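So you can see what is in the structure, the chains are spelled out below.
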Amino acid sequence: MKVVIVGGVAGGATAAARIRRLDEQAEIVVFERSGYISYANCGLPYYIGGVITDQAELTLQTPESFWQRFRVDMRVRHEVIAIHPERKAVSVRNLSTGETFEESYDKLLLSPGAKPTQPELPGVGQVFTLRTVEDTLRIHEFVKTHHPRSVVLAGGGFISLEMAENLRELGMEVTMVQRPKQLMNPFDPEMASFIHAKMRKKGVRLLLGHTVEGFEEAPGGVRVLLKGAEPLEAELVVLAIGVTPDTQLAKEAGLELGVKGSIAVNDRMETSVPDIYAVGDAVQVQHFVTGEHTLISLAGPANKQGRIAADNICGGNSRYQGSQGSSVVKVFDMTAAATGINEQAARKAGIECDKVYLSPASHAGYYPGGRLLNMKVLFEKNTYRLLGAQIVGSEGVDKRIDVLATAIRAGLTALDLKDLDLAYAPPYSSAKDPVNMAGFMIENLANGTVRQFHWDEVDALPRDGSVTLLDTRTAEEYQSGHIEGTIHIPVDELRERMNELETGKLVYVICQSGLRSYIACRILEQNGFACRNLAGGYRLYESVMLDRCAAEEAFPCGMDKR
């Protein structure tokens, strides 16, 4: 059997190694148009920023090491320019010599990946994209040679966030321009507000809700043209507004295409043409939570798909069960992670959902060094099916998101979270782990022990005396900031001061995180009051309000007004 693989990196290189482990006699040829067959593309921004200092660390395998270990013929700087399914061959161009030739196959695997989305905009020389090692080296060399003092990053996803951190650490003035009014689309806006606050605190200027229309040369750099706003000027521009499936080859060969021009595959990673498989960022997948066809460009799914395609090429029957978009990103000294779908995606899919917010410590409070985790867990109403989760914090974020991702994959309900038996020692967790706590909160909602209201309902609450707004925090907390129209009674004084509240009025109860207000609700409910607890507390409400103010008070260049 002869297998030809188009593209290396995650999917293609994984498949090549797996095929060899399953079939020692197979002839395996991999064509990769870049100069690197398997590289750590998730680590590229960290080389530019100097966190990774050795360029060789970016290359996980070389053609020589792959041949030595697996006897796989890896040909870099070879671009497949056409597929001929009728005669089971591909046309290949050697980019070093210009030579063109045909290579036959018994099985063909496409792993072309995705290319940076590049709208047709007027451009200049200092505008870069970041996808390959070559792109990284070009940016690295530009920074080393020209020492730019300012950079504009167009886009607000993973690459842009990581570039912002690394270039800021190099001392550059960093401005991020993003068409949506938030960074990181996997997060709901209120959770993204914590990310925005961190970026601003670290000196990154955010210009959200603005569109880049083009670029012009400017003295010493680039002028970035914005729709409906004053242009920006910078000495370096990186375009990172997303990726597009690289599927021109597949289209020209007559393969069936799916969402946004991606390659349509079944759960065996087979395309519409016999003996042609496809994996990675170029393929359409089924979302594990919604069941809908989608695109999810992440390294984990690409590696799994490569393994599954290899199994099936070698006569097996492996199936890809779908992607749920589990991801994590470093944001300076903060970590942000998500899995499943967010609230916006649930609404779009027609799923009725509810959620809980909590902000527990990353480990036992009495052990030094604990940090807050801001968590949102989303579930389907009535069935309590887990839909997704978002966590922003520092230590312990990745651990909790992985537990929640596993719970979703295993088909656990939101109510099952309370029963998970999770490891505990004071330096690592609490006896009631944050994931367990989310389960306890959802159980309280399910059995009517507590009723919630949310941050986006606060401003619409009546201030005419028909309801009571009660803040149960300490005097110091209340004085540092509170919601307009609230009565202040600390929770520890509530039993003795309950006569200050008018009976017969619905009480909306507020604290910093939602915990003390929950306790206050229980006190009041058992004394004849009807209550609602502010989910996520004043901390979440304040984060969203401050984020809105910061966005509204930004200069056109992205700098916050003081």
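Relevant structure appears above.
Note that this is a predicted model, so its numbers are computed, not measured.

## A word on the environment of Lys227
Looking at where Lys227 falls in the secondary structure, it is placed in the loop between β16 (221-226) and β17 (229-234). For Lys227 and Val212, which are 15 residues apart along the polypeptide, the C-alpha to C-alpha distance reads 6.4 Å. Those residues in contact with Lys227 that sit more than four places away from it in its chain are His210, Thr211 and Glu213.

## Some details on the packing of aromatic side chains
The final tally for this structure, using the stated rule, is six aromatic pairs. Ring geometry for Tyr538 versus Tyr541: centroids 6.1 Å apart, planes at 40°, classification tilted. Linking Tyr538 with Tyr541, this pair stays in helix α15 (residues 537-552), spanning three residues, or about one helical turn. Judged on exposure class, the residue Tyr538 and its partner Tyr541 are both buried. One residue, Arg409, lies across the ring of Phe288, its end atom 4.0 Å from the ring centre. The ring of Tyr538 carries Arg473 above its face, with NZ or CZ at 4.3 Å from the centroid.

## Concerning the pairing of strand β9 (residues 107-110)
Taking every second residue as pointing to the same face, both faces of β9 are buried, with Lys107 and Leu109 on one and Leu108 and Leu110 on the other. The pairing of strand β1 (residues 2-6) with β9 spans four bridges and is parallel. Following the sheet pairing, Val4 is matched in β9 by Leu108.

## Considering the sheet that holds strand β31 (residues 507-510)
Taken together, five strands build an open sheet; the order of strands is β28-β32-β31-β29-β30 and the sheet is parallel. Of all strands in the sheet, those with a lone pairing partner are β28 (452-453) and β30 (487-488), marking the two edges. Contacting β29 (468-471), β31 and β32 (531-534), helix α14 (residues 515-525) runs over the sheet at an angle of about 175° to β32.

## Notes on the pairing of β1
The element β1 is extensively covered by neighbouring structure, given that five of its five residues are classed as buried. Taking every second residue as pointing to the same face, both faces of β1 are buried, with Lys2, Val4 and Val6 on one and Val3 and Ile5 on the other. Of the pairings in the sheet, the one linking β1 to strand β2 (residues 27-32) comprises five bridges and is parallel in character. Residue pairing for β2: Val6 is matched across the bridge by Phe31. Following the chain from β1 across helix α1 (residues 9-22) to the adjacent parallel β2, one finds a crossover that is right-handed.

## Focus on empty space enclosed by the protein
The full count for this structure, using the stated rule, is two cavities of 30 Å³ or more. Here the largest cavity is characterised by a volume of approximately 60 Å³. In terms of lining, the largest cavity is formed by Met191, Phe194, Tyr357, Leu358, Ser359, Asn374, Met375, Ser513, Gly536 and Leu540. Of all the elements in the fold, those that place two or more residues in the lining of the largest cavity are α6 (189-201), β25 (353-358) and β26 (374-380). When the residues that make up the lining of the largest cavity are grouped by side-chain class, the tally is six nonpolar, four polar and no charged. In this structure, the second largest cavity encloses a volume near 30 Å³. Taken together, Leu110, Pro112, Asp246, Thr247, Leu249, Ala250 and Ile263 make up the lining of the second largest cavity. Taken together, the residues of the lining of the second largest cavity sort by class into five nonpolar, one polar and one charged.

## Quick word on the sheet that holds strand β5 (residues 73-76)
The strand order across the open sheet formed by five strands is β5-β2-β1-β9-β20, and the pairing between neighbours is parallel. Each end of this open sheet is capped by a strand with a single partner; those strands are β5 and β20 (276-278). Each adjacent strand pair in this sheet contributes to an overall mean axis angle of 15°, direction not counted. Looking at chain direction, β2 and β5 are connected through four bridges and run parallel. If you follow Phe31 over to β5, its bridge partner there is Arg75.

Conventions adopted
- Residues numbered from 1 in each chain as written.
- Predicted model: local features only at pLDDT ≥ 70, side-chain atom pairs only at ≥ 80, totals over all residues.
- Heavy atoms only, no water.
- Helix = DSSP H or I, 4+ residues; strand = E, 2+ residues; numbered from the N terminus.
- Contact = heavy atoms within 4.5 Å.
- Phe/Tyr/Trp six-rings, centres within 6.5 Å; stacked < 30°, edge-to-face > 60°.
- Buried < 20%, exposed > 50% of the residue type's maximum accessible area, 1.4 Å probe, protein only.
- Lys NZ or Arg CZ within 6 Å of the ring centre and 35° of its normal.
- Pairing = 2+ DSSP bridges.
- Axes fitted to C-alpha atoms, helices over the stretch in contact; angles between N-to-C directions.
- Right-handed = clockwise from strand over helix to strand, strands pointing away.
- 1 Å grid on protein atoms, 1.4 Å probe; cavity = no way out; pocket = protein on both sides within 12 Å on 5 of 7 lines; lining within 4 Å.
- Points joined across faces, edges and corners; volume = space filled by probe spheres on them.
- Nonpolar A, V, L, I, M, F, W, Y, C, P; charged D, E, K, R; others polar.

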